[in-house]
There are 2 protein chains.
Amino acid sequence: MRTFDCRSSTTTPVGVVDVVRWEQFGLGELLPFQAMWYSVPPGESSPRDQHPEVELSVVVSGTAHVEAGGVVTEVATGSAFLFDSCEPHVVHNHADQPLMVFSAYWTNRPDRLANVA
Amino acid sequence: MRTFDCRSSTTTPVGVVDVVRWEQFGLGELLPFQAMWYSVPPGESSPRDQHPEVELSVVVSGTAHVEAGGVVTEVATGSAFLFDSCEPHVVHNHADQPLMVFSAYWTNRPDRLANVA
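Described in the following lines is the structure provided in the data block. (Residues numbered from 1 in each chain as written. Chains lettered and ligands numbered in written order. Predicted model: local features only at pLDDT ≥ 70, side-chain atom pairs only at ≥ 80, totals over all residues. Heavy atoms only, no water.)

1. Thoughts on the sheet that holds strand S9 (residues 90–92) of chain A
Residue and element names in this part refer to chain A.
And then number 1: With antiparallel pairing, the three strands of this open sheet are ordered in space as S7-S6-S9. For this open sheet the edge positions go to strand S7 (71–75) and S9, each flanked by a neighbour on one side alone. Across this sheet, the average inter-strand angle for adjacent strands is 25 degrees, counted without regard to direction.
And then number 2: In terms of strand pairing, strand S6 (residues 64–68) meets S7 through five bridges, oriented antiparallel. By the bridge assignment for S7, Glu67 is matched with Val72. (Pairing = 2+ DSSP bridges. Helix = DSSP H or I, 4+ residues; strand = E, 2+ residues; numbered from the N terminus. Axes fitted to C-alpha atoms, helices over the stretch in contact; angles between N-to-C directions.)

So this is what it looks like as structure tokens:
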């Protein structure tokens, strides 16, 4: 068993967002996805992002307001959200407490790129 | 974008543990893993489990005391733990608040079955 600490791992700033990339854990190809935690400070938003990878995110602290397709959706602690490939998105933290998200992302085979919006 | 609510989804009891299996969301093969949330009530433990799938878990509420290889390791909210294929494990909730865990699990190719213990 291995454990991974979201608070003591190496963090990379991406704008106002702090990112803990799982590449630092040296898991090679054991996971069928890449992973990260990211933190959005109170009152801030993640940079607008768009990428070929499908991305599944789980809120582990705080509440996310997730903007995609012109709609903002509230996602509570513990719940999850899924971006389709190339779907533009922004994650807002409207609260006065930190927002932390765990994300797994992967490039899907073309035949699996169903529209999940 | 799709969202998945850990609290309003269909729950299956497994002993004292409540499990929310992601099969109910009909994602087909979009995800390269299977997924679930599970909740361990205060003072309780998950059934002892062992399976061929590698399993990555993220604590989304409470604190886990994870037993594997004869060692119990505390894992705080937000942090993660990874079981190798066929590694026996039990997850204890020693606290007086609910413990909820998000888990992704998958069968790895034989050449990826590195020992991650």
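Moving on from the coordinates now.
2. Observations concerning the side chain of B:His65
Residue and element names in this part refer to chain B.
And then number 1: Inspection of the secondary structure assignment puts His65 in strand S6 (residues 64–68).
And then number 2: Within the local environment of His65, its side chain forms a polar contact with the side chain of Glu74, the two groups lying 3.3 Å apart.
And then number 3: With near-sequence residues (within four places) excluded, His65 lies in contact with Val72, Thr73, Glu74, Val90, Val91, His92 and His94. (Polar contact = N/O pair within 3.5 Å; in protein donor to acceptor, adjacent residues only side chain to side chain. Contact = heavy atoms within 4.5 Å.)

3. Describing the packing of aromatic side chains
Residue and element names in this part refer to chain A.
And then number 1: This structure, assessed with the given rule, holds 19 aromatic pairs over all chains.
And then number 2: Ring geometry for Trp22 against Phe25: centres 5.2 Å apart, planes inclined by 85 degrees, an arrangement best described as edge-to-face. We note that Trp22, like Phe25, is buried.
And then number 3: Ring plane angle 50 degrees and centroid distance 5.2 Å describe the contact between Trp22 and Trp37, whose orientation is recorded as tilted. With a gap of 15 residues between them, Trp22 in the loop between strand S3 (17–21) and strand S4 (34–40) and Trp37 in strand S4 connect regions that are remote in the sequence.
And then number 4: Members of the aromatic cluster, joined through ring pairs, are Phe4, Trp22, Phe25, Trp37 and Phe102. (Phe/Tyr/Trp six-rings, centres within 6.5 Å; stacked < 30°, edge-to-face > 60°. Buried < 20%, exposed > 50% of the residue type's maximum accessible area, 1.4 Å probe, protein only.)

4. Some details on the interface of chain B and chain A
And then number 1: Taken together, the 40 residues of chain B in the interface contact 40 residues of chain A.
And then number 2: Taken together, both faces of the contact between chain B and chain A bury some 3,300 Å²; the carbon and sulfur share is 67%.
And then number 3: Run the count over chain B and chain A and you get zero salt bridges.
And then number 4: For the pair chain B and chain A, the interface holds 16 residue pairs in polar contact (both at pLDDT 80 or more).
And then number 5: The biggest single contributor to the side of chain B that touches chain A is strand S5 (residues 54–61) of chain B, with five residues.
And then number 6: Looking at the side of chain B that touches chain A, its residues break down into 27 nonpolar, six polar and seven charged. (Buried area = accessible area lost by both parts, 1.4 Å probe. Salt bridge = Lys/Arg side-chain N within 4 Å of Asp/Glu carboxyl O. Nonpolar A, V, L, I, M, F, W, Y, C, P; charged D, E, K, R; others polar.)

5. What to know about the relation of the copies chain B and chain A
And then number 1: Here chain B sits on chain A after a turn of 180 degrees about the axis and a move of 0.0 Å along it, with an RMSD of 0.0 Å. Expressed as an axis order, the relation between the two copies is that of a two-fold axis. The rotation axis passes nearest to the C-alpha of B:Val60 in chain B, at a distance of 2.4 Å.
And then number 2: Comparing interface residues between copies, 100% of those in chain B also sit at the interface in chain A, which points to an isologous, same-surface contact. (Least-squares fit on C-alpha atoms with pLDDT ≥ 70 in both.)

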